[in-house]
Amino acid sequence: MYRFKGFDSAQCGDSMAALEAMVNAWMDTERPRIRHVSQSIRGNHILLSFVCEDTRELEQRVSLQSTATLPRFFDSDYADERPTGTRIPATPPPSH
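Below is a short write-up of the structure. (Residues numbered from 1 in each chain as written. Predicted model: local features only at pLDDT ≥ 70, side-chain atom pairs only at ≥ 80, totals over all residues. Heavy atoms only, no water.)

## Overview of the pattern of salt bridges
Summed over all chains, the structure comprises three salt bridges. A salt bridge links Arg42 to Asp8; the shortest N-O distance between them is 2.4 Å. Of the two residues, Arg42 sits in strand S2 (residues 33-42) while Asp8 sits in strand S1 (residues 2-8), which places them 34 residues apart along the sequence. Accessibility expressed as a relative area gives 44% for Arg42, which makes it partly exposed. Since its relative accessible area comes to 14%, Asp8 is described here as buried. (Salt bridge = Lys/Arg side-chain N within 4 Å of Asp/Glu carboxyl O. Helix = DSSP H or I, 4+ residues; strand = E, 2+ residues; numbered from the N terminus. Buried < 20%, exposed > 50% of the residue type's maximum accessible area, 1.4 Å probe, protein only.)

This is the structure in C-alpha coordinates:
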(Lines give C-alpha, C1' and ligand atoms only; values in the text may rest on other atoms or scores of the structure.)
Protein backbone atom coordinates (compact mmCIF):
# COMPACT_ATOMS: atom_id res chain seq x y z
CA MET A 1 0.00 0.00 0.00
CA TYR A 2 1.34 3.41 -0.92
CA ARG A 3 1.08 6.42 1.38
CA PHE A 4 1.48 10.14 0.77
CA LYS A 5 3.40 12.44 3.11
CA GLY A 6 3.77 16.17 2.54
CA PHE A 7 5.88 18.87 4.17
CA ASP A 8 5.36 22.63 3.82
CA SER A 9 8.16 25.04 4.71
CA ALA A 10 5.48 27.44 6.03
CA GLN A 11 5.03 25.03 8.96
CA CYS A 12 8.56 25.77 10.13
CA GLY A 13 8.80 29.49 9.39
CA ASP A 14 10.38 28.89 5.96
CA SER A 15 13.61 27.84 7.64
CA MET A 16 15.44 25.34 5.45
CA ALA A 17 17.25 23.91 8.50
CA ALA A 18 13.95 23.40 10.34
CA LEU A 19 12.35 21.80 7.25
CA GLU A 20 15.33 19.49 6.90
CA ALA A 21 15.13 18.55 10.59
CA MET A 22 11.40 17.83 10.25
CA VAL A 23 11.91 15.59 7.20
CA ASN A 24 14.90 13.82 8.81
CA ALA A 25 12.94 13.18 12.02
CA TRP A 26 10.13 11.63 9.97
CA MET A 27 12.62 9.48 8.04
CA ASP A 28 14.38 8.34 11.22
CA THR A 29 11.09 7.48 12.92
CA GLU A 30 9.18 5.89 10.05
CA ARG A 31 12.00 4.47 7.90
CA PRO A 32 9.85 4.89 4.78
CA ARG A 33 10.52 3.08 1.52
CA ILE A 34 10.26 6.15 -0.72
CA ARG A 35 9.01 5.55 -4.25
CA HIS A 36 8.57 9.11 -5.49
CA VAL A 37 9.63 12.59 -4.34
CA SER A 38 8.45 15.92 -5.65
CA GLN A 39 9.46 19.44 -4.78
CA SER A 40 7.35 22.42 -5.74
CA ILE A 41 6.91 26.04 -4.80
CA ARG A 42 3.73 27.65 -3.52
CA GLY A 43 4.30 31.37 -3.26
CA ASN A 44 7.40 31.75 -1.09
CA HIS A 45 7.05 28.29 0.43
CA ILE A 46 8.65 24.97 -0.50
CA LEU A 47 6.44 21.91 -0.65
CA LEU A 48 7.98 18.45 -0.41
CA SER A 49 5.81 15.48 -1.32
CA PHE A 50 6.71 11.84 -0.77
CA VAL A 51 4.97 8.69 -1.96
CA CYS A 52 6.16 5.68 0.00
CA GLU A 53 5.27 2.09 0.66
CA ASP A 54 3.75 1.23 3.99
CA THR A 55 6.63 -0.95 5.22
CA ARG A 56 4.72 -2.18 8.27
CA GLU A 57 2.09 -3.73 6.01
CA LEU A 58 4.81 -5.17 3.77
CA GLU A 59 6.63 -6.67 6.78
CA GLN A 60 3.39 -8.21 8.03
CA ARG A 61 2.79 -9.84 4.64
CA VAL A 62 6.34 -11.19 4.56
CA SER A 63 6.12 -12.57 8.11
CA LEU A 64 2.80 -14.24 7.31
CA GLN A 65 4.33 -15.84 4.22
CA SER A 66 7.37 -17.07 6.14
CA THR A 67 5.25 -18.70 8.88
CA ALA A 68 2.88 -20.40 6.45
CA THR A 69 3.15 -24.17 6.22
CA LEU A 70 5.05 -25.33 3.20
CA PRO A 71 3.68 -27.98 0.89
CA ARG A 72 4.87 -31.54 1.46
CA PHE A 73 7.37 -31.52 -1.40
CA PHE A 74 9.53 -29.09 0.61
CA ASP A 75 9.86 -31.52 3.50
CA SER A 76 13.42 -32.73 3.99
CA ASP A 77 12.48 -36.44 4.13
CA TYR A 78 10.65 -36.44 0.80
CA ALA A 79 13.72 -37.59 -1.15
CA ASP A 80 13.97 -40.77 0.96
CA GLU A 81 10.45 -41.96 0.18
CA ARG A 82 9.83 -44.80 -2.24
CA PRO A 83 7.56 -44.30 -5.28
CA THR A 84 3.90 -45.08 -4.62
CA GLY A 85 2.84 -45.76 -8.22
CA THR A 86 2.99 -49.37 -9.44
CA ARG A 87 4.02 -48.34 -12.96
CA ILE A 88 7.15 -46.47 -11.80
CA PRO A 89 9.98 -48.87 -10.93
CA ALA A 90 11.99 -48.12 -7.78
CA THR A 91 15.58 -47.61 -8.89
CA PRO A 92 18.48 -47.03 -6.53
CA PRO A 93 20.48 -43.81 -6.89
CA PRO A 94 23.50 -44.06 -9.24
CA SER A 95 26.77 -45.01 -7.58
CA HIS A 96 29.84 -42.99 -8.43
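After that view, the rundown keeps rolling.
## Structural notes on unusual backbone geometry
In this model, Asp14 sits at a positive phi of 60 degrees, which is unusual for a non-glycine residue. Here Asp14 is to be found in the loop between S1 and helix H1 (16-30). Accessibility expressed as a relative area gives 37% for Asp14, which makes it partly exposed. With a phi angle near 50 degrees, Arg31 is a residue other than glycine that sits in the positive phi range.

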